[in-house]
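Fold and contact review
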Amino acid sequence: MRGGHLHNEVLIAPLEAAARRLGARTRLEHPVSVGTRTLFLDLAIFIGLHRIAVEAELSPTRIPNDLRKAIAFRAHELWIVAPNAQRARVFRRALKVPTASSTGTHVFVFTQGQAAQRIIDSFPFRT
């Protein structure tokens, strides 16, 4: 998987494991066609027909690209996962995206702990 230890092992891997424990299908480095390019989501979560795109970020500069990937993936939700609350606040301030009604994708900015809790709260069933 691309990215360093913080990106892969601290931010993404625990979310992937939690989603799988709750019965979701997951895919790390999920390919998405954006125009003529193939880009990769850090993590794709599939719960039935519900699709969640998860992107771990350390800087707000890649957020517009994350949104393009999520829209191309036809994600119901895009989760931008920040390493800490301060970075999450920076990302929320920098985030200027169309509303979910125009893209079909709801955008959330979480710390890793908040994203893990969202998995538990959103998908309380166990298989």
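In what follows, the structure referred to is the one given above.
Below is a summary of the structure that appears in this document. Just so it is clear, the model here is predicted, and its values are computed rather than measured.

Rules and cut-offs
- Residues numbered from 1 in each chain as written.
- Predicted model: local features only at pLDDT ≥ 70, side-chain atom pairs only at ≥ 80, totals over all residues.
- Heavy atoms only, no water.
- Pairing = 2+ DSSP bridges.
- Helix = DSSP H or I, 4+ residues; strand = E, 2+ residues; numbered from the N terminus.
- Axes fitted to C-alpha atoms, helices over the stretch in contact; angles between N-to-C directions.
- Phe/Tyr/Trp six-rings, centres within 6.5 Å; stacked < 30°, edge-to-face > 60°.
- Buried < 20%, exposed > 50% of the residue type's maximum accessible area, 1.4 Å probe, protein only.
- Lys NZ or Arg CZ within 6 Å of the ring centre and 35° of its normal.
- Arc of directions from axis to C-beta.

**What to know about the sheet that holds strand β2 (residues 37-47)**
- As summarised here, the arrangement of the five strands in space is β1-β2-β3-β4-β5, forming an open sheet in which the pairing is mixed. Either end of the sheet is taken by a strand with one partner, and the two such strands are β1 (25-34) and β5 (106-111). Sheet twist, expressed as the mean angle between neighbouring strand axes with direction ignored, is 35°.
- Bridge count between β2 and strand β3 (residues 50-56): five bridges; the pairing is antiparallel.

**So, the packing of aromatic side chains**
- Counted under the stated rule, the structure contains three aromatic pairs.
- Plain terms: the ring middles of W79 and F110 are 5.5 Å apart, the flat faces sit at 90° to each other, and that makes the pair edge-to-face. Note that W79 is positioned in strand β4 (residues 77-82) and F110 in strand β5, a separation of 31 residues in sequence. Residue W79 shares its accessibility class with F110, and that shared class is buried.
- Seen in terms of ring centroids, F108 and F110 are 5.6 Å apart; in terms of plane orientation they differ by 5°. Their pairing is stacked.
- Linked through ring pairs, W79, F108 and F110 together constitute an aromatic cluster.
- Just above the ring of F46 sits the side chain of R25; from NZ or CZ to the centre is 4.6 Å.
- In this arrangement the basic side chain of R118 is found over the ring face of F108, its NZ or CZ atom lying 4.4 Å from the centre.

**Things to note about the pairing of β1**
- Of the strand pairs in this sheet, β1 and β2 are connected by nine bridges, and their pairing is antiparallel. Residue pairing across strands places H30 opposite L41, the latter belonging to β2.
- Hairpin connection from β1 to β2: two residues lie between these consecutive antiparallel strands, with G35 at a positive phi of about 65°.

**Focus on helix α5 (residues 112-122)**
- Listed as buried for α5 are Q112, A115 and I119. Projected down its long axis, α5 carries its buried residues within an arc of 60°, all on one side.

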